[in-house]
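Residues per chain are reported as follows:
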Amino acid sequence: MTPDKIGLVLVIDDSSTNLELLYDILTEVGYEVLLAKQGKKGIELAQSHPVDLILLDVIMPELDGFQTCKLLQTTPETHHIPIIFMTGISDNLEKAKGLGLGAVDYITKPFYKEEVLARIKIHIKLRRLTRELIHEKESLEQRVEERTAELSQILAELQQTQLQLVRGEKLSSIGQLVAGVAHEIKNPLGFIAGNIDLATEAVDHLIEYVELYRSQFPNTGEEIQRKGVEIDIEYLLKDLPKMLASMKVGTDRICNLSTSLGTFCRSDTSVKVLADIHEGLDSTLMILQHRLKPTPHRREIKIVKNYGKIPPVHCYLGQLNQVFMNIISNGIDALEEVLGNSAFPENFGPQITINTQLSTDQQQIMIQIADNGQGMTPEVKSQIFDYLFTTKPVGKGTGLGLSISLQIIKEAHNGNLICYSELGKGTVFEIQIPINDSPAIAG
Ligand SMILES: Nc1ncnc2c1ncn2[C@@H]1O[C@H](COP(=O)(O)OP(=O)(O)OP(=O)(O)O)[C@@H](O)[C@H]1O
Ligand SMILES: [Mg+2]
C-alpha cells in the first residue's frame, strides 16, 4: 500500500523518455507528479501548484536548467521550493554550479531508482520539518505577543484595583476614623462652649458686684487692700473678661474644625448626594489651615476665592474633597519649594486661587485651582497622572495623589481633570463635573 499525498514533485526535463521514467518511479510509490518539457512551463506550474520539490534537468533548449533555477529562486511564489538538479554522471562542474545557485542536491543520469527515491524522500521530509519549524516559531511568537498583551492588561487592571483599594481604604479607614473623632469631640466641646458663655455672664456679674461693693465701701480695711495688691485686682478685673473671650474664640475654632472634618470625611462613598461644592472646598481649606499660616521660616500662603454661582451637584462629596485636598496640597508643596529657595524675589506673594463657575452651556461646573509656584517641565507634566509618579523625596510624596484624583473625577463622576502648567509660570488644575440631573440654579 502506498501512502496518500506524500508529496507533489515537479519534473522539468526536455526528454520525454526521462519524464516518463521519473513519472513511473515517483507515482509508483505514491508521489503526485507534474511534468514540464521546458523551463518556462515548469516555472508556471511551480507558481500555480503547491509543489514540494522540483527535479530540474540542466541541459534544455531555450531556458537551460541554470537559468530556470535562477528564475525560480527569484520568484516569491517559488523561491522556497527545494530544487534537485539532474546531471550527467561525470559533470562535476555542473553539479558544483547547480549547488552554487541554491539547489539542495543533485541526482545523476542514468537514474538509479533507489537513489532517486531516497534523495527525494529526504528533501521532502526536510522541507516539511522546516515548514513546521517556521509555523511553530510564528505561533510561538504570536502566543508570546498574546500573553504579553494579556499581562499588560492584567497589570493595568491591577493598578486600577490597587488605586481603588487605596482610595477606598483612605476614605473608609482614615475618613471614618476622623469623622468618628470629629463626632466624639462635639459633645465635650459643646459642654465647654456652653459653660464659657455661662462663665462669662457669671464673671460679668461678679465684677459688677465687686465694683459695687468697692463704691459703697471704699475703706475696705488693710487686709483686703493688701490682698488686692497681691493679686493685682485692677488688672484681674480688666483681664478676666478678655481671657474668657479668647477661650470662646478658641472653642469656636475647634467647633468649626470639627464640623469641617465631619463634612470633609462624609462617608458617602457608595451613594451620590446633592452637595454644595463650596462647602467641600471650604472644609478642605479649613483642614489645610495649618499649612497655609505663616511660620518663622516662611510667609503666609494666601487663598483667593472667586466662588461663582453654581448649583448643587450630584456627587460623592467625600471623594471630591479628597481631590481638592490632593490638588491644594500639591499647590502648597509647589509654593513651599519656591519659598525654600533663597533666590525667590522679595515681593513674591505665594497664592492659591480657587475659581468656581458654571460652564456656558450650563452642563457642567468647573473648579480651577491655581498656584503661582514653580510650574512643571513638559516632561513632568506628561507623567503627573501616572500611578506612583512623583518628583518629591521619599517620605514626602507617594505619587498617588493625582492618579487617585483622576480616577475619582473620570470614573466616579464622568468628568475631566486637566492640568495647565509651564515652568516658572505656575500651575492650574481644572476639574469639570457634569451636573446632568442636578437642578438648575435658582434665580
Ligand atoms: N501644583 C503643582 N506644581 C508643580 N508640580 C506639581 C503640582 N502638582 C503636581 N505636581 C507634580 O506632579 C507629581 C505627582 O503629583 P501627585 O499628587 O500625584 O504625587 P505627589 O504629590 O508627588 O505624592 P502624593 O501621593 O503624596 O500626592 C508631583 O510629584 C509633582 O512633581
Ligand atoms: Mg500630591
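Note that the structure is a prediction, hence the values are computed from the model and not measured.

Observations regarding the overall build of the chain
Counting secondary structure elements, the chain contains 11 helices and 12 strands. On C-alpha atoms alone, the chain measures out to a radius of gyration of 46 Å, which is more than a quarter above the 22 Å that the 2.2 N^0.38 rule sets for 443 residues. With respect to the principal axes defined by its C-alpha atoms, the chain has extents near 155 × 50 × 45 Å. When burial is assessed residue by residue, the chain has 37% of its 443 residues classed as buried. Across the chain, contacts joining residues at least 24 apart in sequence account for 68% of those joining residues at least 6 apart. For the chain, the accessible area works out to roughly 26100 Å², and carbon and sulfur atoms hold 57% of it.

Things to note about the site of ligand 1
As a structural note, the neighbourhood of ligand 1 is formed by 21 residues, with T390, T391, K392, T398 and L400 the closest of them. Contacts to ligand 1 include G399, whose backbone N or O atom sits 3.0 Å from an oxygen atom. Out of a free accessible area of 600 Å², ligand 1 has 91% covered by protein chains. When residues of the shell around ligand 1 are traced back to their parent elements, those giving at least two are helix 9 (317-340), helix 11 (401-412) and strand 12 (427-434). A per-class count over the shell around ligand 1 returns 8 nonpolar, 10 polar and 3 charged.

Some thoughts on the sheet that holds strand 11 (residues 416-421)
Pairing between sheet strands relies on hydrogen bonds along the backbone, with the strands arranged either parallel or antiparallel. Sheet architecture is open: 5 strands sit in the order 7-9-10-12-11, paired in mixed fashion. Either end of the sheet is taken by a strand with one partner, and the two such strands are strand 7 (302-307) and strand 11. Neighbouring strand axes in the sheet, compared pairwise and without regard to direction, differ in orientation by 15° on average. Direction of pairing for strand 7 relative to strand 9 (residues 351-358): parallel, over a ladder of 6 bridges. Looking at strand 9, one finds that V304 is bridged to T353. Strands in contact with helix 9 are strand 9, strand 10 (364-371), strand 11 and strand 12; relative to strand 10, the strand with the most contacts, it is inclined by about 25°.

Some thoughts on empty space enclosed by the protein
Any empty space left between atoms is shown by rolling a water-sized probe over those atoms. Counted by the stated rule, this structure contains 1 cavity of 30 Å³ or more. Taken as a whole, the largest cavity encloses approximately 30 Å³ of empty space. Every residue along the wall of the largest cavity is listed here: I327, I328, G331, I352, I369, A370, D371 and F429. Residue assignment for the lining of the largest cavity shows that the elements contributing at least two residues are helix 9 and strand 10. Here the lining of the largest cavity is composed, by residue class, of 6 nonpolar, 1 polar and 1 charged.

What to know about the environment of T78
Mapped onto the fold, T78 is located in the loop between helix 3 (65-74) and strand 4 (83-88). Residues T78 and G98, 20 residues apart in the sequence, show an inter-C-alpha distance of 17 Å. Not counting residues up to four positions away in its chain, the partners in contact with T78 are A46, Q47, L71 and L72.

As for the confidence of the model for the chain
Confidence in the prediction of the chain, expressed as mean pLDDT, is 87, and 93% of residues score 70 or more. Segment residues 438-443: pLDDT under 50, and 13 contacts once partners within four positions in sequence are set aside and those in other chains are kept.

Re the pattern of salt bridges
By the definition in use, this model includes 20 salt bridges. Two residues, D52 and R131, come together in a salt bridge whose shortest N-O distance is 3.8 Å. Of this pair, D52 sits in the loop between helix 2 (39-48) and strand 3 (53-57) while R131 is found in helix 5 (residues 113-216), placing the two residues 79 residues apart along the sequence. Residue class for D52 comes out buried when judged on its relative accessible area of 9%. Residue D197 pairs with K248 through a salt bridge whose shortest N-O separation is 3.7 Å. Taken together, the residues span a long stretch of sequence, with D197 in helix 5 and K248 in helix 7 (residues 233-264) at a distance of 51 residues. On the accessibility criterion, D197 (39% relative accessible area) is partly exposed. With a relative accessible area of 26%, K248 lands in the partly exposed category. Where salt bridges share partners, they join R291, R298, D333, E336, K392 and K396 into one cluster.

Regarding the packing of aromatic side chains
With the rule as written, the count across this model stands at 4 aromatic pairs. Residues F66 and F85 carry aromatic rings whose centres are separated by 5.5 Å and whose planes lie at 55° to one another, so their mutual orientation is tilted. One end of the pair, F66, is in helix 3; the other, F85, is in strand 4, with 19 residues separating them in the sequence. An aromatic cluster is present here, built from Y209, Y213 and F217 joined pairwise through their rings.

Remarks on the packing of helix 7 against helix 8 (residues 277-292)
Helix 8 packs onto helix 7 with a crossing angle of 125° between their chain directions and a minimal axis gap of 9 Å. For the element pair helix 7 / helix 8, the angle class is oblique. Considering how the two elements wind past one another, helix 7 and helix 8 form a crossing that is left-handed. Counting all contacts with helix 7, which are made through N256, L257, S260, L261, T263 and F264, the residues of helix 8 involved are E279, S283, T284, M286 and I287. When the residues that make up the contact of helix 7 with helix 8 are grouped by side-chain class, the tally is 5 nonpolar, 5 polar and 1 charged.

Scoring rules and cut-offs
Residues numbered from 1 in each chain as written. Chains lettered and ligands numbered in written order. Predicted model: local features only at pLDDT ≥ 70, side-chain atom pairs only at ≥ 80, totals over all residues. Heavy atoms only, no water. Helix = DSSP H or I, 4+ residues; strand = E, 2+ residues; numbered from the N terminus. Rg over C-alpha atoms; globule rule 2.2 N^0.38 Å. Buried < 20%, exposed > 50% of the residue type's maximum accessible area, 1.4 Å probe, protein only. Contact = heavy atoms within 4.5 Å. Areas by Shrake-Rupley, 256 points an atom, 1.4 Å probe, with all protein chains shown as cover. Near = heavy atom within 4 Å. Polar contact = N/O pair within 3.5 Å; in protein donor to acceptor, adjacent residues only side chain to side chain. Nonpolar A, V, L, I, M, F, W, Y, C, P; charged D, E, K, R; others polar. Pairing = 2+ DSSP bridges. Axes fitted to C-alpha atoms, helices over the stretch in contact; angles between N-to-C directions. 1 Å grid on protein atoms, 1.4 Å probe; cavity = no way out; pocket = protein on both sides within 12 Å on 5 of 7 lines; lining within 4 Å. Points joined across faces, edges and corners; volume = space filled by probe spheres on them. pLDDT = per-residue confidence, 0-100. Salt bridge = Lys/Arg side-chain N within 4 Å of Asp/Glu carboxyl O. Phe/Tyr/Trp six-rings, centres within 6.5 Å; stacked < 30°, edge-to-face > 60°. Parallel < 35°, antiparallel > 145°, perpendicular 65-115°, else oblique. Left-handed = near helix turned anticlockwise from the far one by under 90°.

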